[in-house]
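Letter by letter, the chains look like this.
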Amino acid sequence: MARPRIGIIGGSGLYQIDGLTDVEWRRVESPYGAPSDELCFGRLEGVDVVFLPRHGRGHRISPTEINYRANIDALKRSGVTDILSLSAVGGLQERYAPGTFVIVDQFIDRTFAREKSFFGTGCVGHVSVARPVCPRLGDALMEVGPGLGIDILRGGTYMVMEGPQFSTFAESELYRSWGCAVIGMTNMPEAKLAREAEICYASVAMVTDYDCWHQGHDDVSVEMVVRVLMGNAEKAKALVKSVLPHLGGHEGPCHAGCQTALEHAIMTAPEVRDPAVLARLDAVAGRVLNRRS
Ligand SMILES: CSC[C@H]1O[C@H](OP(=O)(O)O)[C@H](O)[C@@H]1O
Ligand SMILES: Nc1ncnc2[nH]cnc12
């Protein structure tokens, strides 16, 4: 079993990680196209980390245009075993107030203009995303978060919208009536693809606003998100730094099975698999595709 190597995907306002040593920004080629940026390889707290700014440095890429497949494939190719995904979100219930961090445990994927799977014609695969986040990563985050003075909650559903516009009031009320905790534009298909790539995934959703439903708060705007993000970003960096020694100490694959998600997932008979599709899947699914049975 390889030593844990932790991928950190930084969202809005998080375009670098401070305190890394042995830092090298490196272009990683992917058969799925270009990742959002070069990947930043380094060490933090004695742990190997690979950082990727989801929107690219300077926030060049919109949620719809992010090449989620290339991002996850590039992280997998770089030996990443676990991903901490950091995101700005709106709070959809009173208790998810600006400044709160939520270790989300479910998603509703309402995106419609994105490539969502590494699999398809030529090699059809179906993984379970019934429990889309890794409990081992969630446990570690909850172990350190409260001690840092972070208002951190475990569990809650992240509503993933296409964007880039924010929601209408009617949409916001609909998602609230569904019991969703927070809303954002990026964690899907990111989480689904991480599962297909057999990488443990946890999302730290940092609340920046109350979207547009709260009578006592202004409707969300970029100005509001950025203002609250400034405070959140420092807390996020402290959380990452503190959780890394826990993650680096993990031995063996996670008990929830994230790292064996493809075990029985591929439907296409070996003799009719498309070699070109298989070639692209070398990093993501090589563990199961290259096995002699
Ligand atoms: C800048 S407000 C909207 C923008 O922020 C969030 O991005 P991320 O999840 O990468 O932190 C949200 O999903 C939107 O993309
Ligand atoms: N209210 C909101 N809706 C969608 N994405 C967001 N990112 C931060 N706040 C958001």
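For the structure itself, look to the data block above.
None of the values given here were measured: they were computed from a predicted structure.

Draft legend 1. Region of the structure containing the overall build of the chain. Within the chain one finds 7 helices and 11 strands. Referenced to the eigenvectors of the C-alpha coordinate spread, the extents of the chain come out at roughly 60 × 40 × 35 Å. Within the chain, the proportion of its 293 residues that are buried is 56%. In the chain, once contacts between residues fewer than 6 apart in sequence are set aside, the share between residues at least 24 apart is 81%. In the structure as shown, the chain presents an accessible area of about 12600 Å², 51% of it carried by carbon and sulfur atoms. With 30 positive and 35 negative side-chain charges, the chain shows a spacing of 5 Å between the two charge centroids.

Draft legend 2. Examining the site of ligand 1 more closely. Around ligand 1, the surrounding shell consists of Gly 11, Ser 12, Arg 54, His 55, Pro 63, Ser 87, Ala 88, Phe 166, Gly 184, Met 185, Thr 186 and Val 225. For ligand 1, an oxygen atom lies 2.9 Å from a polar atom in the side chain of Arg 54. One of the backbone nitrogen or oxygen atoms of Ala 88 is found 2.8 Å away from an oxygen atom of ligand 1. In the complex, the protein chains occlude 91% of the 390 Å² of accessible area that ligand 1 would expose alone. Of the residues belonging to the shell around ligand 1, the class tally is 5 nonpolar, 6 polar and 1 charged.

Draft legend 3. The site of ligand 2, seen in detail. Around ligand 2, 13 residues are found, and the nearest of them are Ala 88, Val 89, Gly 90, Asp 209 and Asp 211. Within the backbone of Ala 88, one N or O atom sits 3.3 Å away from a nitrogen atom of ligand 2. Note that a nitrogen atom of ligand 2 is positioned 2.8 Å from one of the side-chain N or O atoms of Asp 211. Burial of ligand 2 by the protein chains amounts to 94% of its free accessible area of 260 Å². Only strand S5 (82-91), strand S10 (182-184) and strand S11 (200-209) provide two or more residues apiece to the shell around ligand 2. For the shell around ligand 2, the leading source of residues is S5, giving 3 residues. Split into classes, the residues belonging to the shell around ligand 2 amount to 8 nonpolar, 3 polar and 2 charged.

Draft legend 4. Summary view of helix H7 (residues 282-289). Judged by how many residues are buried, H7 sits mostly within the fold: 6 of 8 residues are covered. By the burial criterion, the buried members of H7 are Ala 283, Val 284, Ala 285, Gly 286, Val 288 and Leu 289. Elements that come into contact with the buried residues of H7 comprise helix H1 (68-77), helix H4 (187-196) and helix H6 (275-280).

Rules behind the numbers
- Residues numbered from 1 in each chain as written.
- Chains lettered and ligands numbered in written order.
- Predicted model: local features only at pLDDT ≥ 70, side-chain atom pairs only at ≥ 80, totals over all residues.
- Heavy atoms only, no water.
- Helix = DSSP H or I, 4+ residues; strand = E, 2+ residues; numbered from the N terminus.
- Buried < 20%, exposed > 50% of the residue type's maximum accessible area, 1.4 Å probe, protein only.
- Contact = heavy atoms within 4.5 Å.
- Areas by Shrake-Rupley, 256 points an atom, 1.4 Å probe, with all protein chains shown as cover.
- Lys, Arg positive; Asp, Glu negative; His and termini not counted.
- Charge placed at Lys NZ, Arg CZ, Asp CG, Glu CD.
- Near = heavy atom within 4 Å.
- Polar contact = N/O pair within 3.5 Å; in protein donor to acceptor, adjacent residues only side chain to side chain.
- Nonpolar A, V, L, I, M, F, W, Y, C, P; charged D, E, K, R; others polar.

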